[in-house]
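Secondary and tertiary structure notes
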Amino acid sequence: MKLDHCSAVITGASAGIGREFARQLAPRAKLLVLVARRRDRLEQLRTELVARNPALLVNIREIDLSNLEQTMQLAALLTNEPIDFLINNAGVGDHGSFATADPIHVNEQVLVNVLALTALTRALLPRMIAQKRGAILNVSSSAGFLPLPGIAAYAATKAYVTSFSEAIRAEAQGCGITVTTLCPGPVDTEFAEVANRESRGKKPRAGLMHVAVEKVAQAGLRAIEQDKALIIPGLAMKIVMAITRGLPLSAIRVALRFISYN
Ligand SMILES: NC(=O)c1ccc[n+]([C@@H]2O[C@H](COP(=O)([O-])OP(=O)(O)OC[C@H]3O[C@@H](n4cnc5c(N)ncnc54)[C@H](OP(=O)(O)O)[C@@H]3O)[C@@H](O)[C@H]2O)c1
């Protein structure tokens with residue numbers, strides 16, 4: 001779908017990849033609905049975007065997507081708005097063994113990464129189909145391709161996102177709808193700081209596999225316009241994923257034995 005004059009919802013727009021989607025879409029979009037918990041961040045972003053793009057309309061929704069009631073309220077609200085582009089980007093991770101994880105944080109991952117994404121898709125897809133125009137960009141992760149001890153629940157939520165998105169794409173084919181799954185490897189955002197239990201608040205060092213946030217957002221938006229099913233930003237990640245995704249589960253199990261997860 002061409003993104004000029006689109007009306008987009010971006011979850012997790014207060015930071016990282018979501019904020020970058022908003023910045024890159026702003027010169028082309030008619031309306032942006034920015035969703036996150038940190039209202040001050042969203043207001044700051046709205047001021048920045050409107051200053052640069054005076055014709056742009058920016059609505060802010062301060063929503064906690066780990067709260068099912070708030071998610072359903074947002075979903076109901078959005079069905080009354082002329083949204084033709086949904087970016088399900090909000091996500092949280094947790095680094096460490098599953099048995100020692102904070103149970104509330106475990107639930108939060110499922111609620112934000114899986115439930116909210118599913119509810120918003122269910123709310124907006126019917127109208128897109130009826131209008132024969134629409135796009136959904138689901139931000140998954142390369143972590144979703146494999147069972148990953150150390151980030152077990154997070155990786156499983158992202159496996160859901162990838163599988164769900166592919167199935168919705170197939171169901172919506174021929175309806176003028178684009179569904180794309182974005183599967184980044186490491187990106188330099190606040191994500192790892194939030195996910196890392198011991199060093200919460202400390203910025204991790206960028207590694208070889210890291211891709212700049214600007215490139216990740218650009219790859220996602222370009223993939224929507226090119227109607228691509230799945231995109232892994234960055235050549236190094238593409239190569240690593242092409243190899244690992246081809247491995248049989250029995251070989252992966254052997255490899256996992258040699259890794260420490262705590
Ligand atoms: N960075 C990476 O290395 C990486 C790699 C692969 C995939 N991803 C995926 O990319 C997406 C964006 O992550 P990021 O790297 O941009 O992380 P980030 O910088 O930590 O941003 C996460 C965004 O999600 C929002 N969010 C988190 N919990 C929320 C909640 N309960 N309710 C509403 N919004 C919530 C945050 O807003 P508030 O805190 O203001 O609510 C923030 O805007 C995620 O789905 C993540 O899984 C990231």
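The structure under discussion appears in the preceding block.
Keep in mind it's a predicted model, so treat the numbers as computed, not measured. (Residues numbered from 1 in each chain as written. Predicted model: local features only at pLDDT ≥ 70, side-chain atom pairs only at ≥ 80, totals over all residues. Heavy atoms only, no water.)

1. Re the sheet that holds strand β4 (residues 85–88)
Rule in force here: Note on pairing: two strands pair once DSSP finds at least 2 bridges between them. The helix count covers DSSP runs of H or I at least four residues long, the strand count covers runs of E at least two residues long, and both are numbered beginning at the N terminus. Any pair of residues with heavy atoms lying within 4.5 Å of one another is described as a contacting pair. Axis geometry follows a simple rule: fit a line to the C-alpha atoms, using only the stretch in contact for helices, then measure angles between N-to-C directions, giving values from 0 to 180 degrees.
Reading across the sheet, the seven strands line up as β3-β2-β1-β4-β5-β6-β7 and stay open at both edges, with parallel pairing between neighbours. Two strands bound the open sheet, and with one partner strand each, they are β3 (57–62) and β7 (230–231). Both strand β5 (residues 134–139) and strand β6 (residues 177–182) contribute to a ladder of six bridges, which runs parallel. Pairing of valine 139 across the sheet is with leucine 182, part of β6. Across the sheet, helix α1 (residues 16–25) lies against β1 (7–11), β2 (31–36), β4, β5 and β6, angled at about 160 degrees from β1, the strand it touches most.

2. Here's the deal with the state of the cysteines
Note the cut-off: Two cysteine sulfur atoms make up a disulfide if the distance between them is within 2.5 Å.
Scanning the entire structure with this criterion turns up zero disulfides. Sulfur of cysteine 6: no disulfide; nearest cysteine sulfur belongs to cysteine 175 and is 20 Å away.

3. Observations regarding the packing of aromatic side chains
Selection rule: Here the aromatic set is Phe, Tyr and Trp, taking the six-membered ring for Trp, and pairing holds for ring centres within 6.5 Å; pairs whose planes are under 30 degrees apart are stacked, those over 60 apart are edge-to-face, and all others are tilted. We call a charge positioned over a ring when the NZ of a Lys or the CZ of an Arg lies within 6 Å of the ring centre and within 35 degrees of the ring normal.
Scanning the model with the defined rule gives two aromatic pairs in all. Seen from their ring centres, tyrosine 154 and phenylalanine 191 are 5.2 Å apart, and the 50 degrees between their planes marks the pair as tilted. With tyrosine 154 in helix α5 (residues 152–172) and phenylalanine 191 in helix α6 (residues 191–195), the pair connects residues that are 37 residues apart, well separated along the chain. For the ring pair tyrosine 160 and phenylalanine 164, a centre distance of 5.5 Å and an interplane angle of 10 degrees mean the geometry is stacked. With tyrosine 160 and phenylalanine 164 both in helix α5 and four residues apart, the pair spans about one turn of that helix. The ring of phenylalanine 145 is capped by arginine 245, whose NZ or CZ atom sits 4.0 Å from the centre of that ring.

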